[in-house]
Amino acid sequence: QVLLVESGGGLVQAGGSLRLSCQVSRSTFSRHGMGWFRQAPGKEREFIAAINANGGSVYYADSVKGRFTISRDNAMNTVYLQMKSMKTEDTAVYYCAADIDSSGASSRSWQYDYWGQGTQVTVSS
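Keep in mind it's a predicted model, so treat the numbers as computed, not measured.

In this section: unusual backbone geometry. One non-glycine residue, N77, lies in positive phi territory at about 55°. A relative accessible area of 18% means that N77 is categorised as buried. Here the phi dihedral of S85 falls at roughly 45°; this positive angle occurs in a residue that is not glycine. Residue placement: S85 occurs in the loop between β8 (78-83) and β9 (92-99). Overall, S85 belongs to the partly exposed group, its relative accessible area being 43%.

Set out below in structure tokens:
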């Protein structure tokens, strides 16, 4: 069993910043691709960002490119999502996910094997 625990969500004003963290309970964390997704009320879960195992490759959805930054600390088994210049449309539950079968970065939700419980992010106008 692999546990992913997100933290850092909350309420922020438009234009503000938040940093999400996701700690993974797996000793082989440094071998796995990681991703962040989000789901707004009434909408499907959407891809936000992904990072490969060594952190050398990252991918972003167009909606967050230039505002969000994904990173990882393999020594801490943690992946981060730094969010800046936030917009009301960023309001959603944010999930991190682990791709145990691959070291690459993927935008495809079906490739991820384990998911966190989600953390609420609310951006007020």
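Sheet strands line up and pair through hydrogen bonds in the backbone, either parallel or antiparallel. Spatially, the four strands line up as an open sheet ordered β1-β3-β8-β7, and their pairing is antiparallel. Here the strands that pair on one side only, and so sit at the sheet edges, are β1 (4-7) and β7 (68-73). Strand-to-strand twist in this sheet, taken as the mean axis angle between neighbours without regard to direction, amounts to 15°. One ladder, built from six bridges, connects strand β3 (residues 18-24) with β8; its direction is antiparallel. Along β8, the bridge assignment pairs C22 with V79.

Below, the discussion takes up the pattern of salt bridges. Side-chain pairs of opposite charge can arise whenever the charged atoms involved come near each other. What the rule picks out here adds up to four salt bridges. When the shortest N-O distance is used, the salt bridge between R38 and E46 registers 2.6 Å. Judged by relative accessible area, R38 falls into the buried class, the value being 5%. Taking the relative accessible area as the measure of exposure, E46 reaches 34% and is therefore partly exposed. D90 is paired through a salt bridge with R38; the nearest N and O atoms lie 2.9 Å apart. Pair noted here: D90 is in the loop between β8 and β9 and R38 is in strand β4 (residues 33-39), with a separation of 52 residues, a long-range link. Overall, D90 belongs to the buried group, its relative accessible area being 0%.

Counting residues in each nonpolar core, the largest one holds 34 residues, and the members touching the most others are M34, W36, L81 and M83. If you list the elements that add at least two residues to this core, you get β3, β4, β5 (46-51), β7, β8, β9 and β11 (119-124). Apart from residues no more than four positions distant in its own chain, L81 is found in contact with L18, R19, L20, W36, I48, A49, F68, T69, I70 and Y94.

What follows concerns the side chain of R72. For R72, the location among the structural elements is in strand β7. D73 provides the closest opposite charge to the buried, unpaired R72, separated from it by 8.3 Å. At 2.8 Å, the side chain of R72 forms a polar contact with the backbone oxygen of N52. At 2.8 Å, the side chain of R72 forms a polar contact with the side chain of N74. With sequence-adjacent residues up to four places away left out, R72 is seen in contact with F29, S30, H32, G33, M34, I51, N52, A53, G55, T78, V79 and Y80.

About the thresholds
- Residues numbered from 1 in each chain as written.
- Predicted model: local features only at pLDDT ≥ 70, side-chain atom pairs only at ≥ 80, totals over all residues.
- Heavy atoms only, no water.
- Buried < 20%, exposed > 50% of the residue type's maximum accessible area, 1.4 Å probe, protein only.
- Helix = DSSP H or I, 4+ residues; strand = E, 2+ residues; numbered from the N terminus.
- Pairing = 2+ DSSP bridges.
- Axes fitted to C-alpha atoms, helices over the stretch in contact; angles between N-to-C directions.
- Salt bridge = Lys/Arg side-chain N within 4 Å of Asp/Glu carboxyl O.
- Core = buried A, V, L, I, M, F, W, Y, C linked by side-chain atoms within 4.5 Å.
- Contact = heavy atoms within 4.5 Å.
- Lys, Arg positive; Asp, Glu negative; His and termini not counted.
- Polar contact = N/O pair within 3.5 Å; in protein donor to acceptor, adjacent residues only side chain to side chain.

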